[in-house]
Structure formats: C-alpha cells, structure tokens
Amino acid sequence: FSFRSRYMDISVVIAVRNDRCHIRECLESLWHQTRPPLEIIVTDGDSSDGTREYLEQPAAGRPAIRLLHNPAGDAASGRNLGIAHARGNIIAFIDSDATAEPDWIDTIASRFAALSDERIAGIGGPDIPVCDGSPVSRAINIVLASPLASGGSLNPSVQHRVVGEECAVRHIPTCNLAVGKELFLKEGVFDPLMYKAEDLEFSTRLCKRGYRFLYSPAIRVLHHKKTSIKAFARQIFKWGYGKALVMKKHGPEPICIAPILAVLTVLISVAAAAVRPDLIAVPAGFLTAYAVVIAAESARLAGRSMRLIPLLALLLAVVHGAGTAGIVCGLLNRPLNIQHTEKK
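Just so we're clear, the structure is a prediction, and the values are computed from it rather than from any experiment.

1. Some thoughts on unusual backbone geometry
Leave glycine aside and you will find that most residues have negative phi; peptide bonds, for their part, are mostly trans. For Asn-18, which is not glycine, the phi dihedral falls at a positive 55°. Mapped onto the elements, Asn-18 comes out in the loop between strand E1 (10-16) and helix H1 (20-31). Phi at Asp-46 is positive, roughly 60°, even though this residue is not glycine. Mapped onto the fold, Asp-46 is located in the loop between strand E2 (39-44) and helix H2 (51-55).

This is the structure in structure tokens:
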C-alpha cells in the first residue's frame, strides 16, 4: 500500500455496544457522504438495548451494513474484528455516538493521497462536542477544552480542541481516525487487554517506533459527550485507568505523572502537619493555591456566563480527582499479560 495511491477504497469500522439512541444518526451521516465508503462494518458487542435488532433491518436504497458479532464486547476487539474483515486499503474509525461531516470520507481520501511522509501512521481530526442544551452538558464541553483538564502541551492529542492548521501529533483517538490496513498488518492491531485506552496504547506503540499522526482540522466529526456529572466522573476515571495501563506497558507519561505527584505532595504535607501542627500552613497553602487556580480558570472559561463558574470549578475538580483515582487504581492493578500483542 502506498500513501500516494491515487485510488483508495475506504472501509468504515464502528464498534458498538448498547447505543441504540445514537447509532442511527451515525449511520445516516455515513450514508450521506459526498464520497461513499466502500463498506460500513459494524461490530456489535452483544448489545441488549435493541442496537443489533436495528442494525439487522435492511435499509432500502442505502449501502449495506456488514454486521459482525463481537463476543468479547470491548471496543479493541470490535475494531480488530472490523480490521480483519475490511476489504478497503484504508480503514476509517468513528464512534457510534459520533456523526461525520458530509465530506469526511472525501477529505480522508484526499489527505491520504497527498501524503509523502512514510512516518505518518494515520490521519484524523477534531471531534466537535455536541451540546444537548443543558448547563451540565455545556459546562462539560467547555471544561474538556481547558488546559487544566486536557493537560495542555503535555497531552499527546488535540482531541478536545480545534487547532486551525495541520500538524503532526502523537495521538488521535479512534472516534476520528483513518489508518492504512497494511500498517496494521505490519505493526499490529489494538491491544484487547487495554481498558478504555486501546487507541492511546496503539498510538504510543507506533510513536515509539518512529511514527506520527497527521491532524487535519478539515476531517471533522460531531461527538456526543456525557450529560451528567456522575457519568462524566465515571468516564474520566476510566480514561485515567486506561492511561495507567498504557504506562505499565510503555513507561511513564508526564501528563499522568504530574497529577499523582501533586496529590502525593499534598498528602505528605498533610501527614507532616498531623505530626507537627506548626506545619499546617504548608498543606493549607497548597489547597488555597489550588482553589485560586481553579477559580481563575473557571472564571476565564465562563466568560460572560458567570453562573457557570461554580459548575465549571466542580467539573475541573472532578477531572483531577476522578482522573488521578483512575490512574492510581490502574497502576495498582495486577501485572498484565501483554506479550502476545507485541510485534514479533
């Protein structure tokens, strides 16, 4: 496979489990592309909410869906199943709760055709958050774009912010990523032992081998985000847990180590103050500084919507607390048997 190939067949792979409320919208966006995909492969992980029944219904006059059964149920196994059955030389991944812009496939094909750098493993772009109109949904979308939530320059991805120009990055999530099938054959597929971070592990593994990913702002999908604080906290915890598993396999990342060091610093200062009460000013100073930073960032993010400040502050604290808890729990998990996923 050559990135400079003038004709490209693009297979779209969607791993889904219990997402009946969004999958139709996702498929509609793929059916109305300016350049239709070669095929749409949906791998269903034993859905129990009617997702599979909906997918089994024929869509008159529309490209057929190749529905595959994913008994493992997880996203990594589902995507690997799609890769194994894909007939296209480019595989484009999108999440079931995301919708593609009408020129998504066309733009992917044109950007692949223009590539000359063999170190580019894949291409993708931003996932624009969809707001349901509620204050919580709006605040979550705002917070995810904050450097205090995303990690800023420490983050290998530009997932939750739109960068105005193309650039090489170390990670593009599989909600909006296209990769040449030959690269999977050469470098391996997604690690099914990863939990909520199989795409990050894939990116990390390839970057260690000298690859990068091309981010293009023109390759856009719209992505539904969490709409409650509880669901958001659970998602952040899972992200942190997955990042910890990636670190156990590939080594530490500054974006994951920084919050752990911050928490440890505070805990050590609290323990020291418990032994020596005259040191109480140290943890008090740390906590005060944190509160000031959170308040200032919340005010900046809120802009003229001052009523959002308390909610934004709470969500930033949720990101830090749930994310750090997830990382710690992941690091304390038993060692993983990861040898079978390594390149021979």
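Following the structure, the description resumes.
2. Brief notes about the sheet that holds strand E10 (residues 212-215)
With mixed pairing, eight strands are arranged side by side in an open sheet as E3-E2-E1-E4-E9-E6-E10-E8. A strand with exactly one partner marks an edge of an open sheet, and here the two such strands are strand E3 (65-69) and strand E8 (167-169). Ignoring strand direction, the axes of neighbouring strands in this sheet form an average angle of 30°. On the sheet, H1 packs against E1, E2, E3 and strand E4 (90-94) and is oriented at approximately 175° with respect to E1. Along the sheet face, helix H4 (residues 104-114) touches E1, E4, strand E6 (120-124), strand E9 (176-180) and E10 and points at about 135° away from the line of E4.

3. Points about the sheet that holds strand E7 (residues 127-130)
Overall, mixed pairing links the three strands, which are arranged E5-E11-E7 in an open sheet. The sheet is open, and its two borders are formed by strand E5 (98-100) and E7, each paired with just one other strand. Each strand axis lies, on average, 25° off the axis of its neighbour in the sheet, ignoring direction. In this sheet, strand E11 (residues 221-224) lies alongside E7 in parallel orientation, the contact comprising four bridges. Considered in E11, the bridge of Asp-127 is made with Val-221.

4. Some remarks on the pairing of E4
Judged by how many residues are buried, E4 sits mostly within the fold: five of five residues are covered. Alternating residues of E4 divide into Ile-90, Ala-92 and Ile-94 and Ile-91 and Phe-93, and every residue in both groups is buried. For E1 and E4, the ladder comprises four bridges, and the chain directions are parallel. Bridge pairing in E4 links Ile-10 to Ile-90. As paired strands, E4 and E9 are joined by five bridges and run antiparallel to one another. Bridging from a neighbouring strand, Ala-92 pairs with Ala-178 of E9.

5. Let's talk about the environment of Ala-139
Residue position: Ala-139 is located in helix H5 (residues 135-144). Linking Ala-139 and Leu-315, residues 176 residues apart in sequence, is a C-alpha distance of 7.8 Å. Setting aside its immediate chain neighbours within four residues, Ala-139 contacts Leu-308, Leu-311, Leu-312 and Leu-315.

6. Description of the nonpolar core
Counting 31 residues, the largest nonpolar core has Ile-14, Leu-27, Leu-30, Ile-94, Trp-104, Ile-108 and Ile-123 as the members making the most contacts within it. Where this core is concerned, the elements lending two or more residues are E1, H1, E2, H2, E4, E5, H4 and E6. When near neighbours in sequence (up to four residues on either side) are disregarded, Ile-108 contacts Ile-10, Ile-90, Ala-92, Ile-123, Ala-178 and Ile-219. Ile-83, Phe-93, Phe-190 and Phe-202 belong to the second largest nonpolar core, which has 22 residues in total.

7. A few points about helix H8 (residues 198-208)
With 10 of its 11 residues buried, H8 lies for the most part within the structure. Those residues of H8 that are buried are in contact with helix H3 (75-85), E6, E9, helix H7 (181-187), E10 and helix H9 (229-250). Just past H8, the residue Gly-210 takes up positive phi, approximately 100°.

8. Considerations on the confidence of the model for the chain
In this model, the chain carries a mean pLDDT of 87, and residues with pLDDT of at least 70 account for 90%. Looking over the chain, one finds the lowest element-wise mean pLDDT in helix H10 (residues 254-275), namely 83, and the highest in E4, namely 97. Here residues 1-6 scores under 50 on pLDDT; set against residues more than four positions off or in separate chains, the count is 17 contacts. Considering only residues more than four positions removed or in separate chains, one finds that residues 335-344, a stretch of pLDDT under 50, has 18 contacts.

9. Notes on the packing of aromatic side chains
Under the defined criterion, the tally for this structure stands at seven aromatic pairs. Aromatic pair Phe-93 and Phe-184: ring centres 6.0 Å apart, planes at 85°, arrangement edge-to-face. On the criterion of sequence distance, the pair formed by Phe-93 in strand E4 and Phe-184 in helix H7 is long-range, its members being 91 residues apart. Under the relative-accessibility criterion, Phe-184 is labelled buried at 3%. A connected cluster of aromatic rings, assembled from ring pairs, spans Phe-93, Phe-184, Phe-190, Phe-202 and Phe-213.

What counts, and at which threshold
Residues numbered from 1 in each chain as written. Predicted model: local features only at pLDDT ≥ 70, side-chain atom pairs only at ≥ 80, totals over all residues. Heavy atoms only, no water. Helix = DSSP H or I, 4+ residues; strand = E, 2+ residues; numbered from the N terminus. Pairing = 2+ DSSP bridges. Axes fitted to C-alpha atoms, helices over the stretch in contact; angles between N-to-C directions. Contact = heavy atoms within 4.5 Å. Buried < 20%, exposed > 50% of the residue type's maximum accessible area, 1.4 Å probe, protein only. Core = buried A, V, L, I, M, F, W, Y, C linked by side-chain atoms within 4.5 Å. pLDDT = per-residue confidence, 0-100. Phe/Tyr/Trp six-rings, centres within 6.5 Å; stacked < 30°, edge-to-face > 60°.

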